[in-house]
Amino acid sequence: MTALLQTQGLTRRYAGLIAVDGVDMAVQAGSVHALIGPNGAGKTTLFNLISGLEIPSSGTVRLRGQDLTALPADRRTALGLARTFQNVRVFAAMTVLENVLTGLHPCRAAGLAATILRTPRFRREERALVERARAALDMVGLAARAGERAGGLSYGDQRRLEIARAMVPEPAVVLLDEPAAGMNPAETETLAGLVRRIRDLGTTVLLVEHDMGFVMDISDTVTVLNFGRLIFSGAPAAARQAPEVLEAYLGHKVAARLAARVQRP
Ligand SMILES: Nc1ncnc2c1ncn2[C@@H]1O[C@H](COP(=O)(O)OP(=O)(O)O)[C@@H](O)[C@H]1O
Ligand SMILES: [Mg+2]
């Protein structure tokens, strides 16, 4: 079975360091796939390479088998790849609804002339887009806030706004970079429900997250990066017990002690 999203030999070098090192990762359609690893492991860089914000030193990114490696970020969005950022990036002075509408820019059909002349076709398209934006806001629980300034929302709400903006083009895959960061336990639980709903509506989810309870609870597959290398990919329960994963998180000595304790009768 070919994966919906696949990287092959994906590598990103900076002066003096390899942030992402020959990563072969396969994300299956219909799954929630978590990308974990210690700070500096290369998770955000891998997201940047997949979404087109950074150019790889070598390797490829494929969506439904199509090579995206040479395409700019907005073309990738139009082909079904959307994302959110580790640090919230909302347009503070714009309304919540306007922020969500920006998520549709890469997918607009109407040309420049139609936009300037405000043809009937343009106005029809505009109304349909506003409907879609409202539906996306409804999904994340922000429908009632559509007319407010985005900058006035709480941090957790701004994160949910970003998810709505990523989801409005109905992407095949959405990349969420630390969506639970800065959220309290109640907000994190709501977020878990939202991620499941996104998957059930047909969008595959690839997410970076440090909250292990959250990851173990919602993921179908876990991929672990350490020093830019993929060191594990498989079921969450197996990730928990894999010696190479324990070692990456806890260091060699602690991992060896834990392993010894598990083996003791
Ligand atoms: N633009 C950059 N220039 C140089 N080094 C970078 C750059 N971006 C990230 N890095 C380095 O690459 C490594 C991976 O970073 P990152 O992908 O942000 O890790 P993670 O998201 O897993 O914490 C780190 O050592 C980081 O310092
Ligand atoms: Mg990061």
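Above this text you will find the structure in question.
What comes next concerns the included structure. (Residues numbered from 1 in each chain as written. Chains lettered and ligands numbered in written order. Predicted model: local features only at pLDDT ≥ 70, side-chain atom pairs only at ≥ 80, totals over all residues. Heavy atoms only, no water.)

With that settled, consider the sheet that holds strand S2 (residues 17–27). Reading across the sheet, the 4 strands line up as S2-S1-S4-S5 and stay open at both edges, with antiparallel pairing between neighbours. With partners counted over all chains shown, the strands left at the sheet margins are S2 and strand S5 (66–67), one partner each. By the bridge criterion, 7 bridges tie strand S1 (residues 5–14) to S2 in an arrangement that is antiparallel. Bridge assignment links glutamine 6 to a residue of S2, and that residue is alanine 26. (Pairing = 2+ DSSP bridges. Helix = DSSP H or I, 4+ residues; strand = E, 2+ residues; numbered from the N terminus.)

The interhelical angle for the contact between helix H5 (residues 120–140) and helix H6 (residues 155–167), taken along N-to-C directions, is 140 degrees, at an axis separation of 9 Å. By the criterion of interaxial angle, the relationship of H5 to H6 is oblique. Crossing geometry of H5 relative to H6 is assigned as right-handed. Here Ala136, Leu137, Met139 and Val140 of H5 come into contact with H6, specifically with Arg160, Leu161, Ile163, Ala164 and Met167. In the contact of H5 with H6, the residues fall into 8 nonpolar, no polar and 1 charged. (Axes fitted to C-alpha atoms, helices over the stretch in contact; angles between N-to-C directions. Parallel < 35°, antiparallel > 145°, perpendicular 65-115°, else oblique. Left-handed = near helix turned anticlockwise from the far one by under 90°. Contact = heavy atoms within 4.5 Å. Nonpolar A, V, L, I, M, F, W, Y, C, P; charged D, E, K, R; others polar.)

Attention now moves to the coordination of the magnesium ion (ligand 2). Surrounding the magnesium ion (ligand 2) are the protein donor atoms Thr44 (OG1) and Gln86 (OE1), which sit 2.1 to 2.3 Å from the metal. Taken together, the positions of threonine 44 in helix H1 (residues 43–51) and glutamine 86 in the loop between strand S6 (81–83) and helix H3 (96–102) put the pair 42 residues apart, joining distant regions of the chain. We classify threonine 44 as partly exposed; its relative accessible area is 27%. A relative accessible area of 30% places glutamine 86 in the partly exposed class. (Donors = N, O, S within 2.8 Å, 3.2 Å for Na, K, Ca; no water. Buried < 20%, exposed > 50% of the residue type's maximum accessible area, 1.4 Å probe, protein only.)

Now for the nonpolar core. Leu137, Leu161, Val195 and Leu207 are the most contacted members of the largest nonpolar core, which totals 46 residues. Here this core takes 6 residues from H5, the largest share from any one element. The contact partners of leucine 161, leaving out residues within four places of it in the chain, are Val90, Val96, Asn99, Val100, Leu137, Leu142, Ala150 and Leu153. Membership of the second largest hydrophobic core comes to 23 residues, among which are Leu4, Val23, Leu63 and Leu81. (Core = buried A, V, L, I, M, F, W, Y, C linked by side-chain atoms within 4.5 Å.)

What follows concerns unusual backbone geometry. If you check the backbone angles, arginine 64 has positive phi at about 50 degrees while not being a glycine. Relative to the elements of secondary structure, arginine 64 occurs in the loop between strand S4 (58–63) and S5. Residues other than glycine seldom take positive phi values, yet glutamate 178 does so here, at roughly 50 degrees. Relative to the assigned elements, glutamate 178 resides in the loop between strand S7 (173–177) and helix H7 (185–200).

Once that is clear, we can look at the pairing of S1. A loop of 2 residues connects S1 with S2, the two strands running antiparallel in sequence, and glycine 16 in this loop sits at a positive phi of about 85 degrees. Bridge count between S1 and S4: 5 bridges; the pairing is antiparallel. Looking at S4, one finds that leucine 5 is bridged to leucine 63.

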